[in-house]
Amino acid sequence: MTGWLDGNLVSVVDGVAFGLLLFTIAVGLSLVFGMMDVLNLAHGTLYLAGAYVAYALSDGSVWGLVLALAAGALVGGMGGAALTFLTRPLARRGHLDQAVLTLGITFIVADLLAAAFGGEVLPTDPPTALRGTVDLVGHAYPVYRLVFIGVAAALALLVHLVFERSSLGALVRAAVADRDMVRALGVDVRKVLYGIFASGAALAVVGGVLGAPILGPGPGVDESVLVLSLVVVVVGGLGSVRGALAGALLIGQVQTLGVALLPEYAPFLLFGTMLLVLVVRPNGLIPSAVRT
Amino acid sequence: MLTTACGGASLGTGDGDQQGGPVKIGLLVPQSGTYKALGDDMKQGFELYVKQHGGKLGGREVQIVIADEGETADSGKAAAEKLVKQDRVLAVSGVVSSATINGVKDLFENSRIPLVGSNASPTTLTGTKYIWRTSYVNDEPGKALGKYIAEKAGGPVFLIAAGYQAGKDEVEGFKSTFLPAGGKLAGEEVYTPFPATKNFQPYLAQIENSGAKAVFCFYAGGAAVDFVKQYRDFGLAGKIPLYAPGFLTEGGVLKGQGEAADGILTALNYSADLDNAANKQFAPAYQSAYGVPATTYAMASWDAAQVLDKAIKAAGGTVTPESVNAAIAKVGDIDSPRGTWQFNSGGTPVQPWYLREVKQGANTAVSELGRLGG
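Because the structure is predicted, anything quoted here is derived from the model rather than measured. (Residues numbered from 1 in each chain as written. Chains lettered and ligands numbered in written order. Predicted model: local features only at pLDDT ≥ 70, side-chain atom pairs only at ≥ 80, totals over all residues. Heavy atoms only, no water.)

Focus: the UniProt feature "domain: Leucine-binding protein" (unreviewed entry) in chain B
For clarity, the threshold we go by: UniProt positions are given in the numbering used here, feature names are shortened, and annotations may be inferred rather than shown by experiment. Secondary structure elements are taken from DSSP: a helix is a run of H or I of four residues or more, a strand is a run of E of two residues or more, and numbering for both begins at the N terminus.
With numbering aligned to this structure, UniProt lists the feature "domain: Leucine-binding protein" (unreviewed entry) at residues 22-361 of chain B. A helix fraction of 42% and a strand fraction of 19% characterise residues 22-361 of chain B, whose end C-alpha atoms lie 42 Å from each other.

In structure tokens, the structure reads:
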């Protein structure tokens, strides 16, 4: 019985790691959709690009990882800028056109990545210093996942502070709530909105760099990441940082502890949870105060 | 068997045999998508045999026509239709996916063109006259391991597999020999959602909690890499022996798993280090031609070329799809890199199976597990 209990405690910890990974990826999707009203189905592709960056630059040292993070942030910012540019003509044409366009982009980029890196899964090892396991209540747990929890939690706090506590965040929220008023104050609203897209994309790519040892790069990873992110966004509530965190942590637990306790329902747990949340709270757990 | 007038008139390649001219062989393998790596192995194995035999099969010049199987049954079917109806090939080899081979079954049976398949072989594919496989039936790797693990494990065994048809076939095959040999299961078998499962932690926790003395799993491709690495990352490797059908560590996935794969025990009909005359002709040549160790997929395609070589020769003066098909049925012993084998009445091999262990990043044959397929 003790074995059963602490075995599941490991699942709880792993659920936090997985949830924070989902947060890093999904918060950008949520902000871009919630604030700019752009449905970006290329979001999973940004994660995949980050995972390939990690694969290409990881050399077993911590500096390799730091370099990959810097390169990932750069790739993400550029990817975000490119996506803003490409989706701008469709701004007033609704979500369907945006979905078709960004989905088309995912197919093209996925083919390009497959041509560059091949059709197989290329797992990325964490830096040598962060490999191995630690003892967690009598069970082995990978060191890297614990480190990941620390880094991703810091990232989550930073995103929260910037978007919901800083004057920059106030400006962003104001630009979403009343563009004309903010424009009248002499602020270039377009730049502010582009900034949201670029930082959301950069977060997804950085998530890919950090997440590569957990969800390695390979064909199809982009789709599974996109689906999980969409579920997190829907469960958490559009456009809010805290909502994305709540949704991500819940889905993380569903995918680890839930699966450990109810393996026979594993295929239905994810969407069952989404259904349940939407019945009780149709706007998600913590929807954005700005938009509704 | 009845054929419709339409089928006879418009399909067959029955424009007669051009005496001594080249023969066209279709290769239906993925050139794109998830299965491309397997498709490359199969194409390379087939082409190596032809190259080693002066560009000829059965004394006839060979023209290989490649068609992209793609990822789905639909893309595979379209490519097969093109080979049969437009290119009018003498015979076809290849086919990675079970969905494709089920989808093209009627096409080959009705147009009476032999398909010497070198991979896909679902348990449900029976009663065919024109479809042969040089690989194995899907449940055989599990069958080959059952008795061995029952004797070796020294306690209950945990079964875990990808939740799709091939995973279920393997687990059923395993149980069919494991349970009668006195093996005990550690709880219910677990099928993980496929391909959605990327984080195996909850299942690994379950394995730990079950008190299992060994694990039998079925994974291939990307999931095989994830499962093996996480099995090591969560400290199960070296503690609970991991057994699996050979694809868990076959080909490109083994490179991806790196040292995490060391010590894994698998069953397969081939290992690149087998010591026999045919393998000496095959494995080193394959390694030097393509820079990677030969896989069972490449080997089965090399054998498919060998089967066609012998059958075309035996068909002699009248080389037509039907005469070649009749000759395949009588082809007899195949001197293969896996050891000698024959087709059984179902068109799949009666062949030896091997227990292999991953040592320093390579599959090495440990012992023979006996013959299956009879």
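Some words on the side chain of E69 of chain B
Residue and element names in this part refer to chain B. This is how the line gets drawn: Each residue is placed in one exposure class: buried if its accessible area under a 1.4 Å probe, protein chains only, is under 20% of its type's maximum, exposed if it is over 50%, and partly exposed if it falls in between. By the counting rule applied here, Lys and Arg register as positive and Asp and Glu as negative, while His and the ends of each chain are not counted. Salt-bridge detection follows one rule: a side-chain nitrogen of Lys or Arg within 4 Å of a carboxyl oxygen of Asp or Glu. Under the rule applied, a polar contact is a pair of N or O atoms within 3.5 Å (in protein, one hydrogen donor and one hydrogen acceptor; residues adjacent in sequence only if both atoms are side-chain atoms). In this description, contact between two residues means that some pair of their heavy atoms is separated by no more than 4.5 Å.
With respect to the helices, strands and loops of the structure, E69 is situated in the loop between β3 (60-68) and α3 (73-86). In this structure, E69 is buried with no salt-bridge partner, the nearest side chain bearing the opposite charge being K36 at 13 Å. Within the local environment of E69, its side chain forms a polar contact with the side chain of T100, the two groups lying 2.9 Å apart. Each residue touching E69, except ones within four places of it in the same chain, is listed here: L28, V29, P30, S75, G76, V95, V96, S97 and T100.

Remarks on the packing of aromatic side chains
Between two aromatic rings, the relevant description is the distance of the centres plus the angle of the planes. All names here are of chain B. Convention followed: Paired rings are identified among Phe, Tyr and Trp, the last through its six-membered ring, by centres lying within 6.5 Å, and are further divided according to the angle between planes into stacked (under 30 degrees), edge-to-face (over 60) and tilted (the rest). Any Lys NZ or Arg CZ that is within 6 Å of a ring centre and within 35 degrees of that ring's normal is treated as a charge sitting over the ring.
Enumeration over the complete set of coordinates arrives at 22 aromatic pairs over all chains. With a centroid separation of 6.4 Å and 70° between ring planes, the pair formed by Y148 and Y243 is classed as edge-to-face. Of this pair, Y148 sits in helix α5 (residues 140-152) while Y243 sits in strand β10 (residues 242-245), and the two are 95 residues apart along the sequence. Relative accessible area serves as the criterion here: at 22%, Y148 is assigned to the partly exposed category. Between F282 and W302, the aromatic rings sit 5.2 Å apart at their centres with planes inclined by 50°, giving tilted as the arrangement. Placement of the pair is F282 in helix α10 (residues 277-290) and W302 in helix α11 (residues 296-315), with a sequence separation of 20 residues. Through a chain of ring-to-ring contacts, three or more aromatic side chains come together here, namely Y49, Y270, F282, Y286, Y290 and W302. In this structure, K168 is placed above the aromatic ring of Y191, and the distance from its NZ or CZ to the ring centre is 5.3 Å.

So, empty space enclosed by the protein
Residues and elements named next belong to chain A. Keep this limit in mind: Every definition here rests on a 1 Å grid over the protein atoms only: cavities are sets of points where a 1.4 Å probe fits but cannot get out, pockets are open sets enclosed by protein on both sides within 12 Å along at least five of seven lines, and lining residues have some atom within 4 Å of a point. Grid points are joined across faces, edges and corners, and a volume is the space filled by probe spheres set on the points.
Enumeration according to the criterion identifies 3 cavities of 30 Å³ or more in this entry. A volume near 80 Å³ is recorded for the largest cavity. Together, 16 residues line the largest cavity, and S58, L65, T124, D125 and P127 are the ones closest to its centre. Ranked by the residues each element gives to the lining of the largest cavity, the list is headed by helix α3 (residues 62-87), at 3 residues. Put simply, the second largest cavity is a space of about 60 Å³.

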